[in-house]
Structure formats: C-alpha cells, structure tokens
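Each chain, letter by letter, is given below.
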Amino acid sequence: MPTIVVLGAGVSGLTCALELAKQGRHEITVVAKHMPGDYDIEYTSPWAGANVLPMALDKDSRWERRTWPVLRRLAKEVPEAGLHVQTARVLRREKDVATGLKAALADGLFQFDPWYKEVMDNFREIPANELPKGMHSGCEFMSVCINTAIYLPWLVGQCAKYGVQFKRGIVKHISQAHNLSHTGKKADIVVNATGVLACKLGGVMDKAVYPARGQIVVVRNEAKGFMPTSSGCDDADDEIMYVMQRALGGGTILGGTYMRHNWDPNPDPNIAVRIMKRAVEAHPELTDGKGIEALSIIRHGVGLRPAREGGVRIEKEKIDGTWVVHNYGHAGWGYQGSYGCAEKVVELVDEIVKQEKRQSKL
C-alpha cells in the first residue's frame, strides 16, 4: 500500500487527503505547521469567506466545474459541513464597462456571456430596472457560502473517518516530508499543498508564487437574500467589494482588498472603514439604512491568498528521489476549485503508482 504525505492542512491539502483516502489504497499522513482551529498569517484557509463566484476563464474552468456539484450537495444534504445556499449577485459598473473592464476581464467572473451560466443553478441576467445606480449590467445565480471555521474541522473529521493521520511539523525543505509518515516508512509520494509558502519551501522555491493580501471585517449583522460583488470601486484599484453571510452563525464577511505582493498581516483601520462603507452602500439591509455605525464588529482580519503568475500548479515531479505532486497557486478560488484540483491530484498519484509498478517488474 503506497505511503503518502500531504504537506499542508488548508482546504487544498485536506481535500486532497480526503479524496485519496476514499480510494482505500494508500496510507496517508497530513503534516502541517498549522491545523484547523489555528489563526496565523501563514495559514490562509481560515481567513477565507468563503463562497463560490466562478473566477476562471473557460479554458481553465475544469477545477470549478468539477467542484460546484460537490459543494452544492454538501450545502443541501450535509448541514454539519457548514455550508448554506445563497444567491450570488455579480455587478458590472458602468465606469468599468466604459473602460473595457480591463482589470475585471482578467477574471472570468465579470465577463459577458460567462461560461458558468450553464453550470450555476438559477442563472439569470439582471433586468435593467433591477440594477443598482451606477451599474451597467449583472447576473445572479445560486451559490453557497461556507463557514470555514466549521468546514475545515469537518474535513479533518472526514479524513479521520477514512484513516488519515495528522501530525504537526515544520518542514523547511520538501525532501524532509518523505520521512514524516505516521507509519515510520519513507513516503512514496508527497503532495505539496503549501499554498503561499511554496515560494519559501526549500526544493520548490517557486518565485511565481506571491501573496494577494485580503482584508476583511466580520460583523454580526445579517446580509439576507444575496451576496453582492462588483467589478471595481472608486477607493483604490486594489480594493474590492463583496458581502457574504456564513452558515450556522458564522457572521457576515465584508470585503475587501486584493493587494498583490503585500505580506502585511495587520488590518489597516482606514481600509476597514472603506470596506464597511462599500458594504453598507451595496447592501443597506445590513444596518437597516443606519450606516456603518450600526455594524456590530466581531473582528478584523487579513489573509494572504496564494496567487501565482501563470496560474495554479498541479503537476508531478521527482525531487531528491521522491515523487512530489504539486497543488498550489489557487489565489482566491481555493475552496471553489478544491474538489476539481484534488481529482487531478488523485489522477497524478494513480499515474505514479502505475508507473512504479511497471518499473518494478522490469
């Protein structure tokens, strides 16, 4: 039975471990410095909203296409996982359309006639008479919002049910990982799901990886009805607007920012005020029209999205004699692409196992 070490316990690492464990053909250990329940700037997944807003262009949409049916099923059939159904509202501002949606067009979410209209349930174009002031066009569709504080521990529980073991550890070089299996045996395969830290991990040191800093405000106020986001805002090019209410009392997430190459872990109070103003303007029901003074703040937060020039890296290679399957560089779509990416990791692991069996017979 092949021995696998999964490096990283964010949503990508945990989902890979779960999907591999379901095969019943591997001995799997998840090794990570940070585990669900921890909050640290190096550990991105707990800071995520998280919801489903398809971001890929059509040519790269496999990961999100394959993940959506799983998340939809969990929201409808597995309430203890911490997901619930919400309506997403995607808005294109008139001023952004007038300038060619240049920034937003790099993101498939805001494209006209998007590929996801055939994937997301209840998709509809918003009629002109329903658009907020200043908006050129937009669409709505059924989505989900994930309470990450519940979902990540739920993933751990699912992994444990299938026999996955967990170990705390600090790994400086990827070659160290093959000695960290709970079995005491050397790992046959290492899955590298180290996120933004892939740029600092010895043996990988991927210089294409960089943080995209996201600042949020979590409030007690309820955002009933829909999760709005827009193609831009007037405050700054690297600031954005989104609102989502987490399932099971997880509060409402107000965002945000997308600050490339910014490692600052500290919330900026001025940015926080702008985030709250934008959220209340887009979703006045948050405070019944009373402004940001009526927001009940739970906490401020900063997370570092694991972005990568050239997009996600999902491929296999041998490093110091051990097979490594990489799965990192998901930027802001780690949750909504998690099962699709894990599916590809499983395929690569199967390829390696078959290849090694053939070679052992020679």
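In the nomenclature of an unreviewed UniProt entry, the chain corresponds to D-amino-acid oxidase from the organism Podospora comata. Note on the chain: under the UniProt heading Cofactor (unreviewed entry), the record states "FAD". The Sequence similarities (unreviewed entry) comment attached to the chain in UniProt states, word for word, "Belongs to the DAMOX/DASOX family."

This brings us to the overall build of the chain. If you tally the helices and strands in the chain, you get six helices and 15 strands. The C-alpha atoms of the chain give a radius of gyration of 21 Å, which matches the 21 Å a tight globule of 362 residues would have. In terms of overall dimensions, the chain has C-alpha extents of about 70 × 40 × 35 Å along its principal axes. Per-residue burial for the chain yields a buried fraction of 55% across its 362 residues. Contacts in the chain between residues at least 24 apart in sequence constitute 74% of all its contacts with a sequence separation of at least 6. On the chain, roughly 15,700 Å² of surface is accessible, and the fraction owed to carbon and sulfur atoms is 50%.

With 73 residues, the main nonpolar core has L71, L83, Y151 and L155 as its most contacted residues. Here this core gets nine residues from one element, more than from any other, and that element is helix α6 (residues 338-361). Ignoring anything within four residues of it in the chain, the contact list for L71 reads V52, L83, V144, I146, Y151, Y335, Q336 and Y339. If you look at the next biggest cluster of nonpolar residues, it comprises 17 residues, including V190, A198, L201 and V324.

Read across the sheet, six strands follow the order β6-β2-β1-β7-β15-β14 without closing on themselves; strand pairing throughout is mixed. Pairing within the sheet leaves two strands with one partner each, and these edge strands are β6 (165-168) and β14 (313-319). If you compare each strand with its neighbour and ignore which way they point, the axes differ by 20° on average. By the bridge criterion, five bridges tie strand β1 (residues 3-7) to strand β2 (residues 27-32) in an arrangement that is parallel. Along β2, the bridge assignment pairs V6 with V30.

Tracing the backbone shows I170 in the loop between β6 and β7 (189-192). Measuring from C-alpha to C-alpha, the distance between I170 and V218 comes to 30 Å, with 48 residues separating the pair along the chain.

A few words now on the packing of helix α1 (residues 11-21) against helix α4 (residues 148-161). Two numbers describe how α1 lies on α4: the axes approach to 9 Å, and their chain directions differ by 25°. With respect to their mutual orientation, α1 and α4 come out roughly parallel. Relative to α4, α1 is oriented so that their crossing is left-handed. Two secondary-structure elements touch here, α1 through V11, L14, T15, A17 and L18 and α4 through Y151, L152, L155, V156, Q158 and C159. When grouped by side-chain class, the residues that make up the contact of α1 with α4 number nine nonpolar, two polar and no charged.

Here we take up the packing of α1 against α6. The N-to-C vectors of α1 and α6 enclose an angle of 55°; their axes lie 9 Å apart at closest approach. The angle between the axes of α1 and α6 places the two elements in the oblique class. Like other packed secondary-structure pairs, α1 and α6 cross with a definite hand, here right-handed. The segment α1 lies against α6, with V11, T15, C16, L18, E19 and L20 engaging S338, Y339, A342, V345, V346 and V349.

This part covers α6. Between its terminal C-alpha atoms α6 stretches 35 Å, which fits the 34 Å expected from 24 residues at 1.5 Å a residue. Within the sequence span of α6, burial applies to S338, Y339, G340, C341, A342, V345, V346, L348, V349, I352 and V353.

Definitions and limits used
- Residues numbered from 1 in each chain as written.
- Predicted model: local features only at pLDDT ≥ 70, side-chain atom pairs only at ≥ 80, totals over all residues.
- Heavy atoms only, no water.
- UniProt positions renumbered as here; feature names shortened; annotations may be inferred.
- Helix = DSSP H or I, 4+ residues; strand = E, 2+ residues; numbered from the N terminus.
- Rg over C-alpha atoms; globule rule 2.2 N^0.38 Å.
- Buried < 20%, exposed > 50% of the residue type's maximum accessible area, 1.4 Å probe, protein only.
- Contact = heavy atoms within 4.5 Å.
- Areas by Shrake-Rupley, 256 points an atom, 1.4 Å probe, with all protein chains shown as cover.
- Core = buried A, V, L, I, M, F, W, Y, C linked by side-chain atoms within 4.5 Å.
- Pairing = 2+ DSSP bridges.
- Axes fitted to C-alpha atoms, helices over the stretch in contact; angles between N-to-C directions.
- Parallel < 35°, antiparallel > 145°, perpendicular 65-115°, else oblique.
- Left-handed = near helix turned anticlockwise from the far one by under 90°.
- Nonpolar A, V, L, I, M, F, W, Y, C, P; charged D, E, K, R; others polar.
- Expected span 1.5 Å × (residues − 1).

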